[in-house]
Amino acid sequence: MEKINTILEFNKTCVSYTQQTMAVKYVTAQIEKNSITSIMGPSGCGKSTLLRAVNLMHKLYPNIRVEGEILLNGENILSMNPIEVRRNIGMVFQRPTPFPTMSIKENILSGFTLNSIRLDKYQKEEIVEQTLKSVSLWEEVKDVLNKKGTFLSGGQQQRLCIARALALKPQILLMDEPTSALDPIATKHIEDLLIELQKDVTILIVTHNMGQAKRISKHSMFMYLGEMVEYDLTENMFTNPKDERTKAYLTGQMG
Amino acid sequence: MGDKIFKIILFITALIIPLICGGIVYALVTDAYQAFDYFGFFNFLTSTDWNYTEGQEQYGAMPFIIGTLMTTFLALLFCIPFSLPVALFCGEYFKGRKIASILSTVVDLLAGIPSIIYGLWGFFSLRPLIISLNISPQGSSILTASLVLAIMIVPYAASLSSEFIKMIPDDIKESAYSLGATRWEIIHKLFFPIAGSGIFSSYILAIGRALGETMTVTMLIGNTNAIPTSITSTGNSMASIIANQFGEADGLRLSSLIAIALILFLITAIINMIGKIMIKHSRI
Amino acid sequence: MKSNLNIKQRFFKDRSIFVIVCVFSLLSSIPLIAILGEVFVKGISQFSLSFFTLPTPTAYKVLKAVEQGLPIPGGIANGIIGSMIMLLIASAVAIPLGILCGAYIADNSKQRFAKFVSYLTDLLQGTPSVIIGIITYIWIVIPMKTYSALAGSIALCIMMLPLIIRSTEETLRILPSSLKEAGLALGANKAKLMLKVQLPSAFGGIFTGILLAISRVIGETAPLMFTALGCSFIRLSLDKPISAVPLLIWEFFNDPYQQELIWGASLFLLTFVLTLNLLSKYLTRKWKK
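What you see is a predicted model, and the numbers here were worked out from it, not measured in a lab.

A. Region of the structure containing the side chain of T234 of chain B. All names here are of chain B. Note that T234 resides in the loop between α9 (215-220) and α10 (238-245). Reaching out from T234, the side chain makes a polar contact with the side chain of T224 at a distance of 2.6 Å. Contacts of T234, omitting those with residues within four sequence positions, involve Q138, S140, S141, I221, G222, T224 and P228.

Shown next as structure tokens:
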């Protein structure tokens with residue numbers, strides 16, 4: 001693989017639920033800064049589990065263990081304070097999750113309120129406008145900023161959630177099948193947005209949609225049964241997969 | 001069996017509940033009428049006398065209404081610092097783990113203990129403590145009754161509150177964590193707003209429980225028929241005056257006691273209705 | 001843009017609150033242990049065969065025993081038998097009635113009348129038990145001109161009804177709708193469907209509901225004070241005053257000479273009630289799997 005400007009690095013990363021079953025086995029890979037990287041694989045292959053480990057989500061659940069290293073700019077995040085890590089690494093989930101009691105504006109600012117960061121009125125307005133513009137939602141919602149986030153359509157809600165994560169200016173944005181609950185038009189919208197966003201933030205996206213991976217990502221990783229089978233430039237992987245299992249998956253012979 | 005006959009049988013059995021409820025209201029109103037008629041409805045409510053010496057009979061509900069409100073309010077106050085942590089313990093911090101199910105079983109068992117046994121425990125264990133701490137000379141007081149009442153309503157408030165906290169979807173929770181906040185910041189700034197009305201309604205229902213609690217209060221409140229002057233003074237609640245005097249009462253006094261029962265019935269009915277409506281509207 | 005609290009402070013606050021939550025949660029379990037402990041320690045010494053087979057002593061016998069410095073003779077057999085009789089009659093009426101009424105509400109849940117009945121069930125469930133006592137006094141004791149076991153049974157029955165209705169209704173409501181559809185597809189009519197399919201499949205939930213209802217009413221004192229009244233010897237007739245365990249506890253509490261018997265009776269009642277409670281919890285968990 002060619003020399004890249006690495007921001008995130010997996011080093012023999014393993015995730016296990018119990019002593020016997022390993023959901024992710026010894027993944028080693030480097031993620032390029034300011035690009036989109038896709039993680040693909042059939043359901044249950046461990047792709048979401050790996051992604052969630054980057055956000056230290058496993059620390060919420062006592063039975064999940066992560067071993068090996070995950071390095072952010074060369075520092076192992078597994079031994080870092082989860083709050084610092086999560087401030088630098090945002091995450092967007094499968095289902096849009098605007099906070100139901102908060103308005104659109106409050107949702108955007110929720111990263112600050114939850115972290116007990118006080119902002120003055122002008123900072124707030126600037127952040128709300130900038131962030132909403134960056135996810136091209138500003139024009140649609142600028143007149144209803146005080147309405148609840150849950151009033152928006154599914155696609156708008158998901159863009160609101162992306163904006164909420166971006167408001168904290170993270171270095172990496174993790175996305176766990178962010179379009180699987182959306183219709184094709186909303187999906188297209190989000191994909192265009194991600195391509196636009198990669199100049200500011202590194203995006204790591206889990207998807208079961210091969211087309212999506214092909215359309216937006218520079219690098220792709222294929223996982224199967226917890227193992228990283230192949231990791232390459234997307235172009236190379238789709239035209240010339242090196243592993244039989246990747247080939248089977250890409251040609252639709254595998255779930 | 002024919003479908004029609006079956007339907008009719010079901011319908012007739014369902015009639016029993018409106019009949020009982022209608023019967024309760026009818027019986028209470030007709031038997032309370034004498035007292036309301038004699039003293040005047042408003043006067044009965046606000047009068048503070050309770051005198052059953054023949055010839056000078058004078059009955060008023062105010063001391064007992066105030067006694068009930070004081071015990072209920074204090075019980076609620078003492079209950080919150082315990083029921084809220086239990087709700088968070090079982091609904092969030094240790095959700096789905098063995099220790100949470102043990103604690104919730106323990107707290108639920110509190111709801112199963114008969115109120116007369118709470119009364120005994122309060123009388124023989126708590127009352128001596130109150131006396132030795134010099135809080136109240138005879139140990140029986142509004143405070144004593146409220147403390148035991150608080151223990152009795154903890155399970156009602158805690159189990160319902162924890163249900164509402166549990167109902168917050170996992171992905172909302174994870175989204176909040178992914179923004180980098182501590183657990184308390186998330187509970188305080190996100191969970192309380194989301195589950196707030198549900199938690200509030202669980203306390204309304206707990207109040208409904210405390211209002212009508214009879215034996216415990218009767219055994220611990222000290223049974224004086226005057227408006228309590230402080231939380232350490234003795235008094236009587238609506239339920240406890242009934243329990244105390246119903247057996248020996250007749251005529252105007254009996255009617256006055258039934259009038260108090262009617263007022264108690266209406267207050268609990270309203271409180272419970274508010275609670276149930278709030279619960280319905282707080283489902284997430 | 002500065003955090004007004006640094007991370008260390010925020011973590012400290014988070015930890016402190018976690019500790020407070022744990023401490024207060026554990027404190028909440030102390031009353032149960034304290035009550036169980038006190039009742040057990042003081043009550044177990046009174047348990048003997050005669051405690052369960054003899055009725056409460058008469059005032060004369062008590063005085064004599066006190067004079068001679070002997071332990072108070074007698075037991076709580078009259079209370080146990082009275083409680084069982086009233087519970088049996090109350091259950092015999094409340095269980096079938098409650099199940100049918102719950103079935104009606106679950107079956108017609110969209111109809112106005114069923115909603116009304118459901119609401120009144122809540123109302124009845126929330127009604128203080130002392131008021132149920134007064135009502136039964138007005139309905140039964142006054143016309144019969146005597147306190148009676150029958151009146152006590154009716155008071156307990158009224159208290160059991162809403163509990164059984166609720167558990168029946170809730171269990172029927174969460175049955176998979178495929179069950180109903182499969183039955184209807186086989187051509188069963190509504191009556192057969194309810195009696196042969198739905199109610200039997202809801203048996204677990206209804207049964208635990210009944211156990212809980214029994215454990216709730218068996219400890220009730222207030223509604224029995226104005227209906228069953230109490231009686232110091234073993235009686236089996238329904239038209240005369242009768243005793244019950246909680247009534248005996250109340251009598252012992254008010255009679256300084258008999259306070260020795262109070263803890264044995266309480267331990268018996270508490271054991272009975274908590275066993276039913278735990279059993280129903282256990283069964284609920286087992287049947288949910």
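B. Fine view of the interface of chain B and chain C. Listed per partner, the contact involves 77 residues of chain B and 77 residues of chain C. With both chains or domains summed, chain B and chain C bury close to 6900 Å², and 79% of this area falls on carbon and sulfur atoms. Sorting the residues of chain B by area buried against chain C places I17, L109 and F246 of chain B first, and these three jointly supply 8% of that buried surface. In this assembly, chain B and chain C are joined by three salt bridges.

C. Representation of unusual backbone geometry. Residues and elements named next belong to chain A. The backbone of Y26 shows a phi angle near 40 degrees, a positive value even though the residue is not glycine. Checked against the element boundaries, Y26 lands in strand β2 (residues 22-32). Backbone geometry at L225 places phi at a positive 50 degrees, although glycine is not the residue there. Structurally, L225 can be placed in the loop between β9 (219-224) and β10 (227-233). The exposure class of L225 is exposed, given its relative accessible area of 55%.

D. Layout of the environment of L261 of chain C. Residues and elements named next belong to chain C. As for its placement among the helices and strands, L261 is situated in the loop between α13 (245-254) and α14 (262-288). For the pair formed by L261 and K180, sequence separation is 81 residues and the distance between their alpha carbons is 54 Å. Beyond its immediate stretch of four places on either side in the chain, L261 contacts Q46, F51, P57, I72, G74 and F252.

Analysis parameters
- Residues numbered from 1 in each chain as written.
- Chains lettered and ligands numbered in written order.
- Predicted model: local features only at pLDDT ≥ 70, side-chain atom pairs only at ≥ 80, totals over all residues.
- Heavy atoms only, no water.
- Helix = DSSP H or I, 4+ residues; strand = E, 2+ residues; numbered from the N terminus.
- Polar contact = N/O pair within 3.5 Å; in protein donor to acceptor, adjacent residues only side chain to side chain.
- Contact = heavy atoms within 4.5 Å.
- Buried area = accessible area lost by both parts, 1.4 Å probe.
- Salt bridge = Lys/Arg side-chain N within 4 Å of Asp/Glu carboxyl O.
- Buried < 20%, exposed > 50% of the residue type's maximum accessible area, 1.4 Å probe, protein only.

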